[in-house]
Amino acid sequence: MCSCSVAEKIPEVITGIDKNASVEYDGMNYQCHITRLTDGVVSVGVNSPENLSGLMFRQADGKFSVSCDNLICKTDSVTLPETSFPFMIIKILSSASVKENLLYCSSENGSFKFTGNSDTGAYQLFTDKEGNITKICDDNTGLKVNFEKNK
């Protein structure tokens, strides 16, 4: 006797994002709001811990800025190092927006795993069956980003 199953369709990754996320990095936990617009503008806003609440990291047209309340500063890798979690999230989302940068690996229970490389190194990206990003992991740095589910 032979049994067949229907293969799950690999979703196209939706890189336009506007979600809250919990971020684990370097022994710390952060609550953030992460946005990536279709024109490539990426922002990471920190909601907690409270002493960092209100900080906003942004990339537009290849330039970085950091803001808090009404103070906006252009930045570079000295003030926003490549090892900072906002920089890594921005670079990973920018990399994932280029279809050729992602390689499909596997699926399990409606979660699809992709791997990719960004300026900060190798990463894993997970989506739901619609292609919405649910999680980002970078095993080399320990970065873990868990996005809230779509409502």
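Residues numbered from 1 in each chain as written. Predicted model: local features only at pLDDT ≥ 70, side-chain atom pairs only at ≥ 80, totals over all residues. Heavy atoms only, no water.

On to the nonpolar core, then. Among the nonpolar cores identified, the biggest contains 32 residues, and Ile34, Phe85, Ile89, Leu143 and Val145 are the most heavily contacted of them. For this core, the element with the most residues is helix α1 (residues 85–96), which contributes eight residues. (Core = buried A, V, L, I, M, F, W, Y, C linked by side-chain atoms within 4.5 Å. Buried < 20%, exposed > 50% of the residue type's maximum accessible area, 1.4 Å probe, protein only. Helix = DSSP H or I, 4+ residues; strand = E, 2+ residues; numbered from the N terminus.)

This part takes up the pairing of strand β7 (residues 102–108). Pairing of β7 with strand β8 (residues 111–118), which is carried by six bridges, proceeds in the antiparallel orientation. Counterpart to Leu102 in the pairing with β8 is Gly116. Here β7 folds back onto β8, and the loop between the two strands holds two residues, one of which, Asn109, carries a positive phi near 50°. (Pairing = 2+ DSSP bridges.)

Here the focus is the confidence of the model for the protein chain. Per-chain confidence: the protein chain averages 88 in pLDDT, with 89% of residues scoring 70 or above. Across the protein chain, the element-wise mean pLDDT spans from 77 in strand β6 (residues 71–75) up to 97 in strand β11 (residues 143–147). The low-confidence segment residues 1–6 (pLDDT under 50) makes zero contacts with residues lying over four places distant or belonging to another chain. (pLDDT = per-residue confidence, 0-100. Contact = heavy atoms within 4.5 Å.)

So, about the packing of aromatic side chains. The full count for this structure, using the stated rule, is four aromatic pairs. Centroid distance Tyr104 to Phe112: 6.4 Å. Interplanar angle 45°. Geometry classified as tilted. The class of Phe112 is buried, set by a relative accessible area of 1%. Among the aromatic residues, ring-to-ring pairing joins Tyr104, Phe112 and Phe114 into one connected group. (Phe/Tyr/Trp six-rings, centres within 6.5 Å; stacked < 30°, edge-to-face > 60°.)

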